[in-house]
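Observations on the three-dimensional arrangement
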Amino acid sequence: MLELVLLRTFVAVFDEGGFSRAAARLNLTQSAVSGHLRRLEEQVGKPLLKRTTRSFEMTQDGERLLAYARAMLALNRDALADLAQAPFHGRVRVGLSEDFAQVPILRALQAFGADRPGLQVEVQVGIPGALLSKMKEGNIELVLGSQCEGEEMGRLLWREPLVWAWADHTGVDLPDPLPLAVLPEPCPYREVALERLAKAGISQRTVMICASNASLRAAAISGFAVAPLIVSQLRNGLVRVPESYGLPELPEAQFRLFAASKGDTSVLEDLADAIMNAVPRRHAGEE
């Protein structure tokens, strides 16, 4: 029989992207987390993770078990709530960066609320930094957003290169000073772009402050400005500025799910799992 405590640790390692973050989330030592994984592998009789010195990969058997583990943990929480006759009530406020304001995630939020008639799910779309500030102030319970070089804790969903984006103007020199399009403060892409340009000694002029990713892409596609964007947004005439142009390298963007430390933790955990299942995770590994 698979032990729920071992399955909970297994899921936490994957969701948090590593052993140390999983240990912090579960209030365990890192050695205890490793011990749980070893016991679980002994119970199933197969390796679940391929480990290296700084990262790990899920084996095929590990990926299969992960889906069962989530279902078993959710069923256990539902059973306890039902037997305790503790109905869901109140509201949960979710902050989404524009990257996450997508149909699959909103459908998952709608379904979650529909299954719990006493619970109201509310959504705010905004800039990750502003949403995280609201969460710290107690005005949001969950945030889905990205960061570049911050120290915020959260479940790692995936990483993606952040690049300088511009129109496909091959052979055209970049203007001096560099015309820049950015989102308003506090935006992680804006902050790191300005910092890297300053360190490289490259003069810039902020020529457009955008209210959305759509206007940011429009500024770059038109050639009006260069914009810091994740690589998956390079399409329809939008390209990465070649390295030969001498712009500084930008760090990877980290897409994470953040949860408030206060509130109904069982509801937040269930909602976080529902969101995680709706989000396409591209990479997972120890940072």
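Owing to the predicted nature of the structure, the values given are computational and were not obtained by experimental measurement. Within any chain, residue numbers begin from 1 and follow the written order of that chain's sequence. It should be noted that, the model being predicted, local features are given only for residues of pLDDT at least 70 and side-chain atom pairs only at 80 or more, the latter also being counted only at that level, while totals for whole chains, interfaces and linings use all residues. No hydrogens and no water enter the side-chain calculation; it runs on all heavy atoms of the structure.

What follows deals with the environment of M1. Secondary structure counts use DSSP, requiring at least four H or I residues in a row for a helix and at least two E residues in a row for a strand, with both numbered from the N terminus. Topologically, M1 is positioned in the segment before α1 (4–16). We classify M1 as exposed; its relative accessible area is 96%. For the pair M1 and Q43, spaced 42 residues apart in sequence, the C-alpha to C-alpha distance is 7.7 Å. Classification of residues uses two cut-offs on accessible area relative to the type maximum, computed with a 1.4 Å probe and protein chains only: under 20% is buried, over 50% is exposed, and between them is partly exposed.

At a minimum axis distance of 9 Å, the contact between α1 and helix α3 (residues 30–44) shows a crossing angle of 115 degrees. Taken together, α1 and α3 sit at an angle that is classed as roughly perpendicular. Once α1 is placed against α3, the crossing between them reads as left-handed. Facing V5, L6, L7, T9, F10 and V13 of α1, the residues of α3 in contact are V33, H36, L37, R39, L40 and Q43. Grouping the amino acids of the contact of α1 with α3 by side-chain chemistry returns 8 nonpolar, 3 polar and 1 charged. Here an axis means a line fitted to C-alpha atoms, over the contact stretch when the element is a helix, while the angle between two N-to-C directions is reported on a 0 to 180 degree scale. In this scheme, roughly parallel covers angles under 35 degrees and roughly antiparallel covers those over 145, while 65 to 115 is roughly perpendicular and the rest are oblique. By the definition used in this description, the sense in which the near helix is turned from the far one sets the handedness, with an anticlockwise turn below a right angle giving left-handed and a clockwise turn giving right-handed. Residue contacts are counted whenever heavy atoms from the two residues lie within 4.5 Å of one another. Only Asp, Glu, Lys and Arg are considered charged, only Ala, Val, Leu, Ile, Met, Phe, Trp, Tyr, Cys and Pro nonpolar, and every remaining residue, Gly among them, polar.

On to helix α8 (residues 213–221), then. Within α8 the residues assigned to the buried category are N213, S215, L216, R217, A219 and A220. The secondary structure elements touched by the buried residues of α8 are β6 (155–167), β7 (178–182), β8 (204–209), β9 (227–230) and β10 (238–240).

Any cysteine sulfur atom paired with another within 2.5 Å is treated as part of a disulfide. Going through the model one piece at a time under the given rule, you end up with 0 disulfides. Considering cysteine sulfurs only, C187 is the nearest to C148, which forms no disulfide, with 7.8 Å between them. The exposure class of C148 is buried, given its relative accessible area of 8%.

Moving on: the pattern of salt bridges. Salt bridge, as used here: a side-chain nitrogen of Lys or Arg that lies within 4 Å of a carboxyl oxygen of Asp or Glu. Evaluated as defined, the whole model comprises 13 salt bridges. For R70, the salt bridge identified is with D273, shortest N-O distance 3.8 Å. Note that R70 is positioned in helix α4 (residues 60–83) and D273 in helix α9 (residues 265–278), a separation of 203 residues in sequence. The exposure classification of R70 matches that of D273, with both residues buried.

On to helix α5 (residues 103–114), then. The terminal C-alpha atoms of α5 lie 16 Å apart, and with 12 residues this matches the ideal 16 Å at 1.5 Å per residue to within 8%. Listing the buried residues of α5 in full gives I105, A108, L109, F112 and G113. The arc that holds every buried residue of α5, seen down its axis, measures 130 degrees, which confines them to one face. Turned more than 90 degrees off the buried face of α5, the exposed positions are R107, Q110 and A114. One fewer than the residue count of a helix, multiplied by 1.5 Å, yields its expected span. Think of it as the arc spanned by the lines of direction from the helix axis to the C-beta atoms.

None of this, on its own, says anything about what the molecule does.
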